[in-house]
Amino acid sequence: MSLHVEGRPSDGCLHELPWTIRDSLSLYEQMSVAFNALTELPNELPIRLPHLNYLDLSYNQLETLPDTFGLLFHLETLNLKFNCIKTLPNSFYRLIKLSKFDISHNRLKTLSNDIIYLERLTKFNVSFNKLKSLPVPVGGLKSLKVLLANNNRFPETLLTICSHGSDELLSHLRKNYNLHTQCSEQLPSSNHNVFARVRGNHLLTSVPNPHSAQVEYIQCQTHTANTSSRHQKPTTCFHHKFMYVSKGLIYGAAIGDAIGLSTCCMSSDECLFHYNKEGINYSDIVQDELRVRWKQGDWTSNFDTMVLLLDCIICWAGVIDELEFAKRLRTWCDTGFPELGDKQGIILSETVKQLIEYSEFLIHPHSIAEQVIEKTSIHVIGTSDVCSTLDDDTGSGGSTCSDVSSISDIIRQHQLFPSSHPSIPSKVFGTDNGAIVSIAILGVPSFHLCEEVAANTVRICKTTHSRSVCVASCIVITSLVSQLLQVSFALLSVFPFTQVIIKDSFTLLTEYILNLIILFIYLLNRSYMMSLLMEGGDSNSNSCVAGALLGCKVGYSRLPQEWILGLCKKQTAWLNVKINHFLDMMGLP
């Protein structure tokens, strides 16, 4: 054995298991073939020795284990130390009775998160390998009493913890595991979305950002001091939750807008005719004079305007400026996003469509928005005019907009969509959804300051939509986002944004209605989104807002996976860069 340890196995060492074992069924429960020169194990091993509960394969030259290894269902003790194993097969994690496992002095580089399934594991030795980290689920192994993991390639902090012993290491891993399980992103799963987080070396901002809103919030809650840098922040569950709900909000709005296009301007009957109410995918979207303007899996101008607002936030490190937004909006209307192949922005808001005709809009957007409302007493291409025209032509008499069987019929008959800029009609000019579809992102940068969230919302909403009903509605949305981020999905309090609305004389929404909105948030799920889609009308706007709130509620990982994967790859790659810059700005890991 001394020669074997020195790397010089004797001539009598086994180089493979004897054929007597490989070719016959045995009822043995224990086997030791330590101190040999085995380089592989036969696939038949679990079949020939189905009752093994103890297996010693230490001091051999094994590089891999067979894929059938997980069929040793009764295995309780496994010794693999001093081999050359680089990875464990997926089936290995089916050894649900395994209680003692020694794989020290090998060449392991990674361990799977599926280790969580080894529920009876009590003693685990993975020292002297090439691991760079330990999977988070190790901390979730409740039966684990002893863990040896020293002499790996861990970061210095983890190496120090390992040197303090098994108890210290287990305590650290369990705290880390509890942190992750409390957050919206739990154990990785094929059913969950994983966002590619890329930290930037610097921010693409035009102003410095010495304090992030996230650090200020932590200071307000814990009264901590000396956190002048946005990188100096305690590691808490809040960071992870904040990051995932922020990404969820943005992607929720994107997929809501993109999938909502499927039923935009349709009646509920048309929706039922074209689609299955159980589910709609991008490939199911019918192609007509409206939808042909967008590629499969592309979002519309609703989400485009949220991206414009996101760009403003990043550019000014969280400072909200209406002039910057007006400038970016005007540029987008003229050129769209050239990097995505756009030639111009497709404007769905009739209000925005009129605003951009004024050169003074870039200098005094608020006053121009008010002037446009004052000069336009009725809807320029509104449904009220269209309905009356229909009544005159058809003699139906007494018909209202809500009585019209199909908005798309109106569009086709009266050519409401010019070739360059279609727009969605609304009952009263200036009350379309052009502002509310982009506004949810404003609930994030200063989420811990209710009044600032409201003030920023008013400033941006009035840039395009000055009517009080629009402003009040936008405040409700951003305040809900702010509250979701603050209370960690606990029961929402309506008082902060109710007070703001009353203070600004926006009494159009009572506290009773706000409580209904809160209930609506908690009922949000995919089935609700489908019900919303099947109502038609301005479905892409409705779904864009609902998707943002749903993403803020459940986080990025739990949004419908097929709706995320079905988005245009070029657009998502472009969007991911912006999201990563935004997370950098917020000081998130």
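About the criteria used
- Residues numbered from 1 in each chain as written.
- Predicted model: local features only at pLDDT ≥ 70, side-chain atom pairs only at ≥ 80, totals over all residues.
- Heavy atoms only, no water.
- Helix = DSSP H or I, 4+ residues; strand = E, 2+ residues; numbered from the N terminus.
- Buried < 20%, exposed > 50% of the residue type's maximum accessible area, 1.4 Å probe, protein only.
- Axes fitted to C-alpha atoms, helices over the stretch in contact; angles between N-to-C directions.
- Left-handed = near helix turned anticlockwise from the far one by under 90°.
- Contact = heavy atoms within 4.5 Å.
- Nonpolar A, V, L, I, M, F, W, Y, C, P; charged D, E, K, R; others polar.
- Parallel < 35°, antiparallel > 145°, perpendicular 65-115°, else oblique.
- Pairing = 2+ DSSP bridges.
- Salt bridge = Lys/Arg side-chain N within 4 Å of Asp/Glu carboxyl O.
- Phe/Tyr/Trp six-rings, centres within 6.5 Å; stacked < 30°, edge-to-face > 60°.
- Polar contact = N/O pair within 3.5 Å; in protein donor to acceptor, adjacent residues only side chain to side chain.
- 1 Å grid on protein atoms, 1.4 Å probe; cavity = no way out; pocket = protein on both sides within 12 Å on 5 of 7 lines; lining within 4 Å.
- Points joined across faces, edges and corners; volume = space filled by probe spheres on them.
- Arc of directions from axis to C-beta.

Engineer: When you look at the overall build of the chain in this model, what are you seeing that I'm missing?
Structural biologist: A count of helical and extended segments in the chain gives 22 helices and six strands. Each of the 589 residues in the chain was classed as buried or not, and the buried ones make up 53%.

Engineer: What exactly am I supposed to notice about the packing of helix α9 (residues 301–315) against helix α22 (residues 569–585) here?
Structural biologist: In a packed pair of helices, the relevant descriptors are the angle between the two axes and the axis-to-axis distance. Contact pair α9 / α22: the axes reach a minimum separation of 10 Å and the direction vectors enclose 35 degrees. Pair α9 / α22 crosses with left-handed handedness. Counting all contacts with α9, which are made through Phe-303, Val-307, Leu-310, Asp-311, Ile-313 and Ile-314, the residues of α22 involved are Trp-574, Leu-575, Lys-578, His-581, Phe-582 and Met-585. Looking at side-chain class alone, the contact of α9 with α22 contains nine nonpolar, one polar and two charged residues.

Engineer: Explain the packing of α9 against helix α10 (residues 322–335) here, please?
Structural biologist: Where α9 meets α10, the closest approach of the two axes is 10 Å, and the angle between their N-to-C directions is 140 degrees. By the angle class used here, α9 and α10 are oblique. Of the two possible hands of crossing, α9 and α10 adopt the one that is right-handed. Between α9, through Ser-301, Asp-304, Thr-305, Leu-308, Leu-309, Asp-311, Cys-312 and Cys-315, and α10, the contact on the second element is made entirely by Glu-324, Phe-325, Arg-328, Leu-329 and Trp-332. Of the residues contributing to the contact of α9 with α10, the split by class is seven nonpolar, two polar and four charged.

Engineer: What am I meant to see in the sheet that holds strand β2 (residues 54–56) here?
Structural biologist: Either a parallel or an antiparallel arrangement is found when strands of a sheet pair, and the pairing is made through backbone hydrogen bonds. Taken in spatial order, the six strands make up an open sheet running β1-β2-β3-β4-β5-β6, and their pairing is parallel. Looking at strand neighbours, the two that pair on one side only are β1 (30–32) and β6 (146–148), the edges of this open sheet. Between one strand and the next, the sheet's axes are offset by a mean angle of 5 degrees, whatever the strand orientation. As paired elements, strand β3 (residues 77–79) and strand β4 (residues 100–102) share three bridges and run parallel to each other. Residue pairing in the sheet places Asn-79 in a bridge with Asp-102 of β4.

Engineer: I'm lost on the pattern of salt bridges in this one. Help?
Structural biologist: Here the idea is simple: oppositely charged side chains can pair when their charged atoms come close. Taken as a whole and judged by the stated rule, the model has six salt bridges. One salt bridge connects Arg-291 with Asp-288, and the closest N-O pair in it is separated by 2.8 Å. In this pair, the class of Arg-291 matches that of Asp-288, namely buried. In this structure, Glu-324 engages Lys-327 in a salt bridge whose closest nitrogen and oxygen atoms are separated by 3.5 Å. Placement of the pair is Glu-324 and Lys-327 together in helix α10, with a separation of three residues, close to one helical turn. Overall, the relative accessible area of 45% leaves Lys-327 in the partly exposed class. Overlapping salt bridges bring together Glu-324, Lys-327 and Arg-328 as one network.

Engineer: Can you walk me through unusual backbone geometry in this structure?
Structural biologist: Trans peptide bonds make up most of the peptide bonds, and negative phi angles are found at most residues other than glycine. Its identity is not glycine, yet Phe-35 carries a phi of approximately 60 degrees, on the positive side. Relative to the helices and strands, Phe-35 is located in the loop between β1 and α3 (45–48). Among the residues examined, Phe-35 registers a relative accessible area of 23% and is labelled partly exposed. With a phi close to 50 degrees, Ala-317 is a non-glycine residue in the positive phi region. You can see Ala-317 is positioned in the loop between α9 and α10.

Engineer: Just to check I follow, could you spell out the packing of aromatic side chains for this structure?
Structural biologist: Aromatic rings considered in pairs are described by the distance between their centres and by the relative angle of their planes. Under the counting rule described, the total for this entry stands at 10 aromatic pairs. Look at Trp-299 and Phe-303: their rings are 4.8 Å apart centre to centre, the planes differ by 70 degrees, and that puts the pair in the edge-to-face class. Residue class for Phe-303 comes out buried when judged on its relative accessible area of 0%. Between Phe-337 and Trp-574 the ring centres are 4.8 Å apart and the planes differ by 55 degrees, which places this aromatic pair in the tilted class. Here Trp-574 lies in helix α22 and Phe-337 lies in the loop between α10 and α11 (350–355), a separation of 237 residues in the sequence. Each member of the pair Phe-337 and Trp-574 is classed as buried.

Engineer: Would you take a moment to explain the side chain of Thr-457 for this structure?
Structural biologist: Locating Thr-457 in the fold gives a position in helix α15 (residues 450–464). A relative accessible area of 0% means that Thr-457 is categorised as buried. Within the structure, the side chain of Thr-457 is placed 2.8 Å from the side chain of Thr-478, a separation counted as a polar contact. Those residues within four positions of Thr-457 in sequence are excluded, and the remaining contacts are Ile-439, Leu-442, Cys-474, Ile-475 and Thr-478.

Engineer: Mind showing me how you'd approach the environment of Phe-82 here?
Structural biologist: Position of Phe-82 relative to the elements: it lies in the loop between β3 and β4. Taking the C-alpha atoms as reference points, Phe-82 and Ser-104, separated by 22 residues in sequence, lie 6.6 Å from one another. Not counting residues within four places of it along the chain, the set of residues in contact with Phe-82 comprises Ser-58, Tyr-59, Asn-60, Ser-104, His-105 and Asn-106.

Engineer: Sorry if this is basic, but what is going on with empty space enclosed by the protein here?
Structural biologist: Empty pockets left among the atoms are what a rolling probe the size of a water molecule brings to light. Per the counting criterion, the structure on display carries four cavities of 30 Å³ or more. Looking at the largest cavity, its volume works out to about 140 Å³. Lining the largest cavity are 18 residues, with Thr-305, Leu-329, Ser-349, Val-352 and Gly-434 sitting closest to its centre. Listed by contribution, the elements that provide at least two residues to the lining of the largest cavity are α9, α10 and α15. Taken together, the residues of the lining of the largest cavity sort by class into 11 nonpolar, seven polar and no charged.

Engineer: Even after reading the chapter, I still don't get helix α4 (residues 156–163), so can you show me in this structure?
Structural biologist: Residue pairs spaced three or four apart in an α-helix point in one direction, given the helix's 3.6 residues per turn. Within the sequence span of α4, burial applies to Leu-158, Ile-161 and Cys-162. For α4, the buried positions fall inside an angular range of 100 degrees around the axis, keeping them on one side. Exposed side chains of α4 directed beyond 90 degrees from the buried face belong to Glu-156, Thr-157 and Ser-163. Backbone geometry just after α4 places Gly-165 at a positive phi near 110 degrees.

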